[in-house]
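# Structural description and commentary
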Amino acid sequence: MILAAGFGTRLRPYTLMRPKPLFPVLNRPLLFILLDRLAEVGCDRIIVNCHHLAGQIRHALKQYPGVICQFEPEILGTGGSLRLALEQLSDEPLLVINGDIFHTIDLVALYAAHKSSANMVTMAVHDYPRFNNVAVAGDRVVSFQPTGAGQQLAFTGIHVVEPEILDRIPVPGFFHIIDLYQELAAVHMVGIKRVDGACWQDIGTPEDYLQLHRQLLTGSADMAYTGEGKRQGNWLIAEDVRLAAGVELKNWGCLGRGVRVGRGTILSRCVVWDGADIGVDYRIADAVVP
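What this report covers is the structure whose coordinates are included nearby. Keep in mind that what you see is a predicted model, and the values were worked out from it rather than measured.

### Remarks on the overall build of the chain
When helices and strands are tallied, the chain shows seven helices and 21 strands. Radius of gyration (C-alpha) of the chain: 20 Å, near the 19 Å computed for a compact globule of 290 residues. Its C-alpha atoms give the chain principal-axis dimensions of roughly 65 × 40 × 30 Å. Counting over 290 residues, the chain shows a buried share of 54%. Within the chain, residue pairs in contact and separated by at least 24 positions form 55% of the contacts whose partners lie at least 6 positions apart. For the chain, the exposed area adds up to about 13000 Å²; of that, 50% sits on carbon and sulfur atoms.

Given below as structure tokens:
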């Protein structure tokens, strides 16, 4: 299940135009990248939930006719969304992925680690100081709050959970799944798998979104993803882009399909979405251009 219902408030105003999982990463919607990864590792039953700008998610999923789209008229939180999906699930562990992360985590290894354990939940974690707020000891989660016990690690937004655990979530309405996982951690039922060697980047803020593109375009992270378009140095240029005379592309950046850039404009460290029309003699740097 890919969680794709949130408002993405830290990415406004861009998330007023499109939901965060549909933000393009090197000219391909992040949701499509995640769905392709799941198909590659053999997932044959996938659920994507939606609420904010749900029509866009529904329309996008027409390209993936086998995927189940779970519309939620109200925000249910991670727990409420998983509980609602329970009737769609088989009696197997459920792989859950946040819809706002780009990663190279080995999903097969994570799933296998869960199935070979006695865990009710297995969380992919890594040492990422900015988000290190999960206390672990050995191969177990101790707490989801910073404590003096154990080591502090970061939850990647990817985990495997037994369907019977989802039965414990109250219905209907909003529920924060970490509240339930905290109870399970207290009785040693939440395990971890370290994934420190994998590349991982969320797109929770405009800065994070640009940082992901910097990593992909400059080769500072080996994410083995080339995107859609032709490379021109550290720039990726999609089809049908028109650059007028005197346009300069500096540092790194990405131009989506059908972009128009007027003469004399200088772009640097930018991600320009499909169909954007940039005028004459602009100076744009460190920006998302919708």
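Now that the structure has been shown, we can carry on.
### So, the pairing of strand β17 (residues 248-255)
Sheet topology note: the strand β15 (residues 235-237)/β17 ladder contains three bridges and is parallel. What sits directly across from Ile237, in β17, is Leu255.

### Focus on the state of the cysteines
Taken as a whole and judged by the stated rule, the model has zero disulfides. Cys254 provides the cysteine sulfur closest to Cys270, a residue in no disulfide bond, and the two sulfurs are 11 Å apart.

### A word on the sheet that holds strand β18 (residues 260-261)
Strand pairs in the sheet, formed through backbone hydrogen bonds, run parallel or antiparallel to each other. What the three strands build is an open sheet, ordered β16-β18-β20; its pairing is parallel. Edge strands, defined here as strands with exactly one partner in the open sheet, are β16 (242-243) and β20 (277-278). Where β18 meets β20, two bridges bridge the pair, whose relative direction is parallel. Looking across to β20, one finds that Arg260 is bridged to Asp277.

### Quick word on the pattern of salt bridges
Counted by the stated rule, this structure contains 11 salt bridges. For Asp196, the salt bridge is made with Arg194, and the minimal N-O distance between the two is 2.7 Å. Note that Lys250 and Glu248 form a salt bridge whose closest N and O atoms lie 3.9 Å from each other. For Lys250, a relative accessible area of 38% translates into the label partly exposed. Taking relative accessible area as the criterion, Glu248 reaches 36% and is therefore assigned partly exposed. One network of salt bridges, with partners in common, ties together Arg28, Asp36, Glu228, Arg257 and Asp274.

### Some details on the packing of aromatic side chains
Applying the stated criterion to the full structure yields seven aromatic pairs. Judged by centre distance (6.1 Å) and plane angle (65 degrees), the ring pair of Tyr14 and Trp273 falls under edge-to-face. You can see Tyr14 sitting in the loop between β1 (2-3) and β2 (24-25) and its partner Trp273 sitting in the loop between β19 (266-272) and β20, a full 259 residues away along the chain. Ring plane angle 75 degrees and centroid distance 5.0 Å describe the contact between Phe23 and Trp273, whose orientation is recorded as edge-to-face. Of this pair, Phe23 sits in the loop between β1 and β2 while Trp273 sits in the loop between β19 and β20, placing them 250 residues apart in sequence. We classify Trp273 as buried; its relative accessible area is 2%. Taken together, the ring pairs connect Tyr14, Phe23, Tyr209 and Trp273 into an aromatic cluster. Sitting over the ring of Trp273, Arg18 keeps its end group 4.1 Å from the ring centre.

### Some details on the environment of Glu183
For Glu183, the location among the structural elements is in helix α6 (residues 177-186). The sequence separation of Glu183 and Pro93 amounts to 90 residues, and the corresponding C-alpha distance is 19 Å.

### Some points on the sheet that holds strand β21 (residues 283-289)
Strand order in this open sheet of five strands is β14-β15-β17-β19-β21, and the pairing throughout is mixed. On the outer flanks of this sheet lie β14 (230-232) and β21, each paired with one strand and no other. Adjacent strand axes in the sheet meet at a mean angle of 25 degrees when their direction is disregarded. The pairing of β19 with β21 spans six bridges and is parallel. Note on β21: the bridge partner recorded for Ser268 is Ala285. Sheet strands in contact with helix α7 (residues 206-218) are β14, β15, β17, β19 and β21, and its direction is about 105 degrees off that of β17.

Rules of the game
Residues numbered from 1 in each chain as written. Predicted model: local features only at pLDDT ≥ 70, side-chain atom pairs only at ≥ 80, totals over all residues. Heavy atoms only, no water. Helix = DSSP H or I, 4+ residues; strand = E, 2+ residues; numbered from the N terminus. Rg over C-alpha atoms; globule rule 2.2 N^0.38 Å. Buried < 20%, exposed > 50% of the residue type's maximum accessible area, 1.4 Å probe, protein only. Contact = heavy atoms within 4.5 Å. Areas by Shrake-Rupley, 256 points an atom, 1.4 Å probe, with all protein chains shown as cover. Pairing = 2+ DSSP bridges. Disulfide = S-S within 2.5 Å. Salt bridge = Lys/Arg side-chain N within 4 Å of Asp/Glu carboxyl O. Phe/Tyr/Trp six-rings, centres within 6.5 Å; stacked < 30°, edge-to-face > 60°. Lys NZ or Arg CZ within 6 Å of the ring centre and 35° of its normal. Axes fitted to C-alpha atoms, helices over the stretch in contact; angles between N-to-C directions.

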